[in-house]
Amino acid sequence: MAEHIEQHDFDSVTTNDDMKSNSYKSGQDALNFEANGKSFGLVEHAHPWRYEQDGLTVTRGSAWSGPGCHDGCGVLMYSDADGHLVKVEGDPENPYNQGRLCVRCIAVPEAITNPSRLRYPMKRERADRGKDKWQRISWDEAYDLIYQNFQRFKEESGAESVLFCQGTGRDIAQYITRLMYSFGSPHYVLNISGMSCYAPRVTACFATTGSFWLGDYSQEFADRYDNPEWHRPERIVVWGNNPLVSNSDGLYGHWVVDCMRLGSELIVVDPKCTWLASRARQFLQIRPGTDGALALGMINVIIAEDLWDHDFVDKWCYGFDELKEAVSAYTPEAVAEITWLEADEIVQAARDLAQAESAILQWGVAIDMTKETIPASQALLALFEITGNIEKPGAMIAPPTLLYYGGGWGGEWLPEGQDQKRCGYDKYPLVGQAFIMSQTDEMISQLETDQPYRLRGAWIETTNFLACTSPDPERELAAYNNLEFIACVDLFMTPTIMALGDVVLPALMYPERDGLRVGDGAQRGETINKAIETETEGRSDMQICLELGRRFNPEAWPWNDVQEMFDDILKPSGFDFKSMREVAPAYIPFEYHKHEKGMLRLDGKPGFNTPTGRLELWSSFLSNLGLNPLPEFFEPSPGPKSTPELFKDYPLILTTGARPWGYFHSEHRQFPHLRALHPEPVMEMNQHTADKYGVSDGEWAWVENDRGKCKRIVKVNQGVMDGVVSADHAWWHPEGSPDNLYDLWDLAVGNLLAFDPGKAGFGCTYKSTLCRVRPLEKEDN
Amino acid sequence: MSAKGLLIDYQWCTGCHSCEVACQMEHGLPPDQHGIVVNQVGPWQLPDGSWQFDNIPSPTRQCDLCAARTAKAELPTCVHHCQAKCMRYGDLEELAANLATSPHQVLFSL
Ligand code: SF4
Ligand code: SF4
Ligand code: SF4
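Fair warning: this is a prediction, and the values are worked out from it, not measured in the lab. (Residues numbered from 1 in each chain as written. Chains lettered and ligands numbered in written order. Predicted model: local features only at pLDDT ≥ 70, side-chain atom pairs only at ≥ 80, totals over all residues. Heavy atoms only, no water.)

A few words on the overall build of chain A. The secondary structure content of chain A amounts to 30 helices and 29 strands. For chain A, whose C-alpha radius of gyration is 25 Å, the value lies close to the compact-globule estimate of 28 Å for 781 residues. Each of the three principal axes of chain A carries a C-alpha extent, and together these read 70 × 65 × 60 Å. Across the 781 residues in chain A, those meeting the buried criterion constitute 69%. Pairs at least 24 residues apart make up 74% of the contacts formed inside chain A by residues separated by at least 6 positions. Averaged over its 72 positive side-chain charges, chain A has a centre that lies 3 Å from the centre of its 115 negative ones. (Helix = DSSP H or I, 4+ residues; strand = E, 2+ residues; numbered from the N terminus. Rg over C-alpha atoms; globule rule 2.2 N^0.38 Å. Buried < 20%, exposed > 50% of the residue type's maximum accessible area, 1.4 Å probe, protein only. Contact = heavy atoms within 4.5 Å. Lys, Arg positive; Asp, Glu negative; His and termini not counted. Charge placed at Lys NZ, Arg CZ, Asp CG, Glu CD.)

Structure, rendered in structure tokens:
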């Protein structure tokens, strides 16, 4: 353990906050690392990255996929003389999590030793997909099979006949994209309808402002909350997410609590009273899917009451008059009607936000999962732009970049003309051309129809989409089954691999391998450090991609081992793997007001990286693509107002995907201490809704609609809006039978959803559709 | 040595369960046994429109105040990992003095 803890006088009262302040000598000492002319902010380490303590070896590192989440918290991994991982603790020296961990990393030792892990490569006949008829094979045989099949497809049908699928990707995404590009395929595949996770927000931000925007929780500074330039946000608008649990997009959710303790106050917009909502200054309990309307209504109030930031808008925004016109119909009364809020709640929230010194838009997938997500994202963003909450402390900031990851890594290897073969390239240019991904819904149609050309193979790494993101697993399974050969990489057997894989390769968990933790949210230089040797035959995802990549395209993979590869990736930062490992985390120099200093545009002029050089409330980019340049609201569909007939039969609103503490999407169900926290899938509703439909707390029930049904345990939660059902996503029973795909068909909430994106090819209905609930009958059990 | 305890400021406890699981892992407890358990109260709405929603962690008889850790001048693992930084370990007397500083705290003598 770090020296500063030993320095503690344990006769006095101690919290982990005291522990934190002791490790932040760095704030004053301004430790720096000079690389490529940049000076990186560092923290002082009491030990090297690996040291001995009390008979154990301690390896300092970062936690990224998997099992884990998107965050990459600083960890200390303790291993014994036999090489067993004894425990994982939060690293108090790491400013990111400051010693804290969520339950998932605390429980990692029982993940490592989990008996159900994939332990060696396996193959299966295509005719046996869905059956537990796997045969153990060697790595060489597995690579041969993958190479021979994919290479044959490439020769006969072009490299575009092979899909490359990732899930959340985390630190593995970049190797998958390089494998894909260097193979020659343009199919960067997410398997989520309307690309509705993060991508829509990022795209809307880039399209209208030339940058992405993060809430400023001081994460850019090594000395965090003590940094003199930083001020805590006066207001944090937690809009459709529960960051304490989800920890998404590089945000450590409990920073919100840290800021509250420093005086930040919240506005929470959610259909459910979360813990944050209970502590908010204002809680707007909103009808799912109507967030865009609320934002337009707040803009309407702010303009009508002349509360907008005139100076900022005059200098830096484009299209204010058009925006004013676009929101004119969204009076508080009209918006109250749409959102099921009270008109004066909307007015109050608008005034409160506009008058705050600084405010963060803490948004999440609820906006991505709005069917017309792009115009909704524009509306939310515009609200923070006209109130001047851009590029100042405690507001929204453009994160500096250590390494450029846009579109993945290795794009230069994609042969000319291949990009146009992406699914949906012409139909949805914002996805295929701007966001350079294959559009999922179009890909599914292509798998079914072979139009415009036949797809033949898939590489599935870091994703269990049938159990998780699929909005119609039956359809997706049938579509994927048309593929002639499918190779998968994972830590565990999953319903997706059991249903579809022809070859499966076992991967490693983060304490078993090296890696880089740079991207996602605010970039910082960190390494993932191997603490123990694996007891499986598994290889790291990076090693797998390198070894296979070398077979397909040796020129694109010139490295002898992963460390050489990491060194090369890190080169632009001035670090190599070992130097970064020693000093990590390394903080990139950061400044506020970058738009005033010419730091956001490629030409170095002041302003933003858009055609007009301003934040575009009226977007040139979207207009050029034939999309509405202005924000707009569309009724969620299906929904009470858009499909009133359907609403008669299915009178409840279904929202899905709220995160429980112990799980990251479909991960972690195998680990006993995490499973105990949330043993079975639940759907939450209030007592009134439960009574009305005859279902009882703690009992299994069906949630169903015209598309299908799934089972959930009813959990009465008085915080859920009346008439709304909030159902868990991503469930399967790892302990169940492979023959029925681990109870997938009973448990998949995707059974009730559809491949149904918004106009731009982004957005979906995961967060708002219609349903009803009824008790399980005897024969259902 | 004076008696020790845990002070929990449940105004800030988010119910994240890190204290629970950290304690289980440290002490090798099975999933159905706890050195500390988080009890959730709420949410329900009060007549004035505000919400009752508290998480109140309670140490059990299996809590040994992380004797092995504190003997090495390390924090109890629950305190170390508490995501809301709302747990304190220390002398009962000093902790008790803190009780008066803000409402919604609870002190455990262990
Ligand atoms: S938030 Fe939790 S799962 Fe994610 S890296 Fe941190 S401790 Fe691990
Ligand atoms: S002090 Fe130690 S033993 Fe007691 S509850 Fe906390 S972690 Fe468990
Ligand atoms: S770790 Fe802290 S915030 Fe989390 S449940 Fe325990 S006391 Fe509450």
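We now examine the overall build of chain B. The helix and strand tally for chain B stands at 4 helices and 5 strands. Listing every helix and strand of chain B by position from the N terminus yields β-α-β-β-α-α-β-α-β. Its C-alpha radius of gyration of 14 Å places chain B within 12% of the 13 Å reference for a compact globule of 110 residues. Taken along its principal axes, the extent of the C-alpha atoms in chain B is 50 × 35 × 20 Å. A total of 110 residues make up chain B; the buried ones form 55% of that total. Excluding contacts between residues fewer than 6 apart, the proportion of contacts in chain B whose partners are at least 24 apart in sequence is 58%. Within the structure as shown, chain B displays about 4700 Å² of accessible surface, and the carbon and sulfur contribution to it stands at 54%. (Areas by Shrake-Rupley, 256 points an atom, 1.4 Å probe, with all protein chains shown as cover.)

The next point concerns helix 18 (residues 373-386) of chain A. Side chains of residues three or four places apart in an α-helix project in the same direction, reflecting 3.6 residues per turn. Residues and elements named next belong to chain A. Here helix 18 is 14 residues long and its end C-alpha atoms lie 20 Å apart, about the 20 Å a rise of 1.5 Å per residue gives. Most of helix 18 is tucked away: 14 of the 14 residues are buried. Just downstream of helix 18, Gly 388 is the residue with a positive phi angle, here 70 degrees. (Expected span 1.5 Å × (residues − 1).)

Before going further, it helps to spend a moment on the nonpolar core. One recurring pattern in soluble globular proteins is that nonpolar side chains are buried together. All names here are of chain A. Among the nonpolar cores identified, the biggest contains 211 residues, and Trp 239, Trp 459 and Met 565 are the most heavily contacted of them. The element contributing the most residues to this core is helix 12 (residues 291-304), with 9 residues. With near-sequence residues (within four places) excluded, Trp 239 lies in contact with Val 269, Asp 291, Leu 294, Ala 295, Met 298, Leu 361, Gln 362, Trp 363, Gly 364, Ile 367, Leu 380 and Leu 383. Ranked by size, the runner-up nonpolar core spans 35 residues in total, among them Leu 118, Phe 465, Ala 479 and Ala 748. (Core = buried A, V, L, I, M, F, W, Y, C linked by side-chain atoms within 4.5 Å.)

Around ligand 3 sit 14 residues, and of these B:Cys13, B:Cys16, B:His17, B:Cys19 and B:Cys82 come closest. Its residues assigned to classes, the shell around ligand 3 shows 9 nonpolar, 5 polar and no charged. (Near = heavy atom within 4 Å. Nonpolar A, V, L, I, M, F, W, Y, C, P; charged D, E, K, R; others polar.)

Opposite charge on two side chains permits them to pair, given that their charged atoms come into close proximity. All names here are of chain A. On inspection of all chains with the given rule, the structure shows 50 salt bridges over all chains. The residue Arg 281 makes a salt bridge to Asp 352 at a minimum N-O spacing of 2.9 Å. Of this pair, Arg 281 sits in the loop between helix 11 (275-278) and strand 14 (282-285) while Asp 352 sits in helix 16 (residues 343-355), placing them 71 residues apart in sequence. With relative accessibility at 42%, the residue Arg 281 sits in the partly exposed group. On the basis of relative accessible area, Asp 352 is assigned to the buried category, the value being 11%. Each member of the salt-bridge network shares a partner with another, and the members are Glu 234, Arg 235, Glu 265, Arg 281 and Asp 352. (Salt bridge = Lys/Arg side-chain N within 4 Å of Asp/Glu carboxyl O.)

Lining the immediate surroundings of ligand 2 are B:Cys23, B:His27, B:Gly35, B:Ile36, B:Cys63, B:Asp64, B:Leu65, B:Cys66, B:Pro76, B:Thr77 and B:Cys78. Among the secondary structure elements, those contributing two or more residues to the shell around ligand 2 are helix 1 (18-27) and helix 3 (77-81) of chain B.

Let's shift gears to the interface of chain A and chain B. Counting residues at the interface gives 52 residues for chain A and 47 residues for chain B. Together, the buried faces of chain A and chain B total about 4200 Å²; carbon and sulfur atoms form 58% of this surface. There are 4 salt bridges connecting chain A and chain B. With its nearest N and O atoms 2.4 Å apart, the salt bridge here joins A:Glu89 to B:Arg69. (Buried area = accessible area lost by both parts, 1.4 Å probe.)

Another aspect to go through is the sheet that holds strand 12 (residues 235-239) of chain A. All names here are of chain A. Within the open sheet, the 4 strands sit side by side as 14-13-12-16. Their pairing is parallel. The two strands at the open ends of the sheet, each matched to only one other strand, are strand 14 and strand 16 (359-363). Here the strands of the sheet are splayed against their neighbours by 10 degrees on average, with no regard to which way each runs. Relative to strand 13 (residues 265-270), strand 12 runs parallel, the two being bridged by 5 bridges. Directly across from Val 238, in strand 13, lies its bridge partner Val 268. (Pairing = 2+ DSSP bridges. Axes fitted to C-alpha atoms, helices over the stretch in contact; angles between N-to-C directions.)

Residue and element names in this part refer to chain A. As enumerated under the stated definition, the model contains 34 aromatic pairs over all chains in all. Aromatic side chains Tyr 663 and Trp 731 sit 5.5 Å apart centroid to centroid with 90 degrees between the ring planes, which places their arrangement in the edge-to-face category. Note that Tyr 663 is positioned in the loop between strand 24 (652-656) and helix 28 (672-675) and Trp 731 in the loop between strand 28 (724-727) and helix 30 (744-747), a separation of 68 residues in sequence. Exposure remark for Trp 731: the relative accessible area of 0% places this residue in the buried category. Centre to centre, the rings of Trp 732 and Tyr 742 are 5.5 Å apart; their planes meet at 80 degrees, and the pair counts as edge-to-face. Residue Trp 732 is found in the loop between strand 28 and helix 30, and its partner Tyr 742 is found in the loop between strand 28 and helix 30; the two are separated by 10 residues along the sequence. Take Trp 732: its relative accessible area is 2%, and that puts it in the buried class. Given the relative accessible area of 7%, Tyr 742 is considered buried. (Phe/Tyr/Trp six-rings, centres within 6.5 Å; stacked < 30°, edge-to-face > 60°.)

Here the focus is the pairing of strand 4 (residues 87-91) of chain B. All names here are of chain B. Of all 5 residues making up strand 4, 4 are buried, and the element is well covered by its neighbours. Sheet topology places strand 1 (residues 4-9) next to strand 4; 5 bridges connect them, and they run antiparallel. Note that in strand 4 the partner of Leu 6 across the bridge is Tyr 89.

Glancing now at the domain arrangement of chain A. Residue and element names in this part refer to chain A. Each assigned domain of chain A is listed with its residue range as follows: domain 1 (122-195 + 421-516 + 536-570), domain 2 (213-397 + 596-624) and domain 3 (644-780). Contact with domain 2, which involves 23 residues of that partner, is made by 24 residues of domain 3. Where domain 2 touches domain 3, the interface holds 2 salt bridges. Here domain 2 and domain 3 share 9 residue pairs in polar contact (both at pLDDT 80 or more) between them. (Domains from an automatic or database assignment. Polar contact = N/O pair within 3.5 Å; in protein donor to acceptor, adjacent residues only side chain to side chain.)

Bringing the environment of A:His595 into the picture now. Residues and elements named next belong to chain A. Note that His 595 resides in the loop between helix 25 (577-583) and strand 23 (615-616). For His 595 and Ala 398, which are 197 residues apart along the polypeptide, the C-alpha to C-alpha distance reads 9.5 Å. The contacts of His 595, once residues within four sequence positions are left out, are Phe 312, Trp 316, Ile 390, Glu 391, Leu 600, Pro 606, Gly 607 and Phe 608.

So, about the sheet that holds strand 26 (residues 700-704) of chain A. Note on sheets: strands pair through backbone hydrogen bonds, and any given pair is parallel or antiparallel. Residues and elements named next belong to chain A. Around the barrel, 6 strands lie side by side as 24-28-25-27-26-29; this closed barrel has mixed pairing. Strand-to-strand twist of the sheet, defined as the mean angle between neighbouring strand axes without regard to direction, takes the value 45 degrees. Strand direction decides the pairing type here: strand 25 (residues 682-685) and strand 28, joined by 2 bridges, are antiparallel. Residue Met 683 lies in a different strand from strand 28, and its bridge partner there is Ala 727.

Residues and elements named next belong to chain A. Where helix 20 (residues 440-449) meets helix 21 (residues 473-481), the axes come as close as 8 Å, and the angle between the chain directions of the two elements is 50 degrees. Viewed along their axes, helix 20 and helix 21 adopt a mutual orientation that is oblique. Seen from above, helix 20 lies across helix 21 with left-handed handedness. Of helix 21, the residues touching helix 20 (which contributes Met 443, Ile 444, Ser 445, Leu 447 and Glu 448) are Arg 475, Glu 476, Ala 479 and Tyr 480. The residue makeup of the contact of helix 20 with helix 21, split by class, is 5 nonpolar, 1 polar and 3 charged. (Parallel < 35°, antiparallel > 145°, perpendicular 65-115°, else oblique. Left-handed = near helix turned anticlockwise from the far one by under 90°.)

What follows concerns the pairing of strand 26 of chain A. Residue and element names in this part refer to chain A. Counting buried positions along strand 26 yields 4 of 5 residues, so the element is predominantly enclosed. Two strands pair when backbone bridges link them, and strand 26 and strand 27 (residues 709-716) are joined in this way by 5 bridges, in the antiparallel orientation. Along strand 27, the bridge assignment pairs Trp 700 with Ile 713. In this structure, the hairpin formed by strand 26 and strand 27 is closed by a connection of 4 residues. With 4 bridges joining them, strand 26 and strand 29 (residues 769-775) adopt antiparallel strand pairing. Each residue of the ladder has a partner; that of Trp 702, found in strand 29, is Arg 774.

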